[in-house]
Amino acid sequence: MSARHDLAILDALAHRLAQSLDVAHILETALDTLDELLRLETSWAWLYDETTGLARVAASRALPPGLADHPERLEGTCFCLGTYAAGDMRGAANVNVVWCTRLAKLVDDATGLSCHASVPLYAGERKLGLLNVASADWRELSEDELSLLYTVGTLVSLAIERTRLAARDAELAAAEERNRIARDIHDTIAQQLAGIAMQLESAEAFVGANNDPRAATTIRRALDLTRAALHDARRSVLELRTSPLAGRDLLSAVRALPREIGQALGRDVNVVVTGSGMMQRLPTALEIGLYRIVCEAMTNAMRHAGATTISVHVDRRGKRVKARVTDDGAGFELDAVPQTRFGLLGMNERARLLGGALRIESAPGSGTTIEATIPV
């Protein structure tokens, strides 16, 4: 294969990678290009999480039956992942069946792989992942082929880092917009509600002096509603200004909600939080959206439904994740709830914006279940 042909393919790869900000698409494009360059039979890509030290398969191409039919063989560590995690792999390298436990399990297969090459992906000193390309003919790649692999790895690393920088810029822009909205709420609605509360307190004192119980009751009710609205406005300002997860994963953040909501409302409720299939982090926007939905559902149950027990379960299966909140509160007639009720409307909108759906089950005296189903 000529050097001119290789350069043409690399140039085409660079252009393809520049057109995408999706990591999965970037990796799939890279694997297709590697096949075109080296005519190898199969390939797969790992993404590495330096925080947990775990790697996951993020893309693959033409996996043999020994791997495609046994996905568990692509789990756990191996020689190449261990070498990479230790920082000893800086360039593309051959790995054969003697070292790789994953390959050793495929030797007896009809399409067994006996050799693969590993290509490390780095952004400076930060580990991004590995590209593995494999062949069933016991062929180790030449130095020129490994050099080509390293060049591909460099292009892919730059593309992945670009997507992460773009995502971070988007998050910073969103944070700035949240702060602007928080300032607007604080400077207008919250201040106005505080002024109304002061006026009602003065009116309550005057009416109390004249011994008018009906007016006093009405003013006291208006004052309670105003204080509740002021509390909600201040809570909205706080939630807009801060990152709701604060570096935590979804389950950890949800487990902290009972204490946080209980402190705000001045009452404790027995809350049980469970989860399954949550070994890997979800996309940030999805985690924040589900967190907000669960928070709203728990707040409603504690504040309005008089619930004494709440259960929360977050379950990820394949390409979907569900968050279910069940309480033993007063419940309500679904048809009797106004469509404009902000809490339910907000949860519906959050689920819809994430491409999912919200399901509500409730009846007077039978508690409420709210379940959000979101595609990953």
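Residues numbered from 1 in each chain as written. Predicted model: local features only at pLDDT ≥ 70, side-chain atom pairs only at ≥ 80, totals over all residues. Heavy atoms only, no water.

J.: How should the overall build of the protein chain be read in this particular structure?
T.: When you go through the protein chain residue by residue, the secondary structure sums to 10 helices and 10 strands. Across the 376 residues of the protein chain, 41% fall into the buried class. Of the contacts formed within the protein chain by residues at least 6 apart in sequence, a portion of 66% connects residues at least 24 apart. Accessible surface, the protein chain: about 20200 Å² in total, of which carbon and sulfur atoms supply 54%. (Helix = DSSP H or I, 4+ residues; strand = E, 2+ residues; numbered from the N terminus. Buried < 20%, exposed > 50% of the residue type's maximum accessible area, 1.4 Å probe, protein only. Contact = heavy atoms within 4.5 Å. Areas by Shrake-Rupley, 256 points an atom, 1.4 Å probe, with all protein chains shown as cover.)

J.: Before we go on, may I ask you to explain the pattern of salt bridges in this structure?
T.: Where charged atoms from two side chains of opposite charge approach closely, those side chains can pair. Here the structure, examined in full by the defined rule, presents 8 salt bridges. A salt bridge links aspartate 315 to arginine 317; its shortest N-O distance comes to 3.0 Å. The salt bridge partner of glutamate 371 is arginine 359, with a shortest N-O separation of 3.3 Å. Highlighted residues: glutamate 371 in strand S10 (residues 368-375) and arginine 359 in strand S9 (residues 357-362), separated in sequence by 12 residues. By relative accessible area, arginine 359 is classed as partly exposed at 34%. A single network of salt bridges, built from pairs that share partners, joins Arg324, Arg359, Glu361 and Glu371. (Salt bridge = Lys/Arg side-chain N within 4 Å of Asp/Glu carboxyl O.)

J.: I keep staring at the pairing of strand S1 (residues 42-49) and nothing clicks. Help me out?
T.: Buried residues dominate S1, accounting for 7 of its 8 residues. Strand direction decides the pairing type here: S1 and strand S5 (residues 126-135), joined by 6 bridges, are antiparallel. From the neighbouring strand, tryptophan 44 faces S5, where its bridge partner is asparagine 132. Direction of pairing for S1 relative to strand S2 (residues 54-61): antiparallel, over a ladder of 7 bridges. (Pairing = 2+ DSSP bridges.)

J.: What's the story with the sheet that holds strand S6 (residues 270-276) in this structure? I'm lost.
T.: The strands making up a sheet associate through hydrogen bonds between their backbones, and the pairing can be parallel or antiparallel. Strand order across the open sheet formed by 5 strands is S6-S7-S8-S10-S9, with mixed pairing between neighbours. Edge strands, defined here as strands with exactly one partner in the open sheet, are S6 and S9. Between one strand axis and the next, the sheet turns by 10 degrees as a mean value, whatever way the strands run. One ladder, built from 6 bridges, connects S9 with S10; its direction is antiparallel. If you follow arginine 359 over to S10, its bridge partner there is glutamate 371. (Axes fitted to C-alpha atoms, helices over the stretch in contact; angles between N-to-C directions.)

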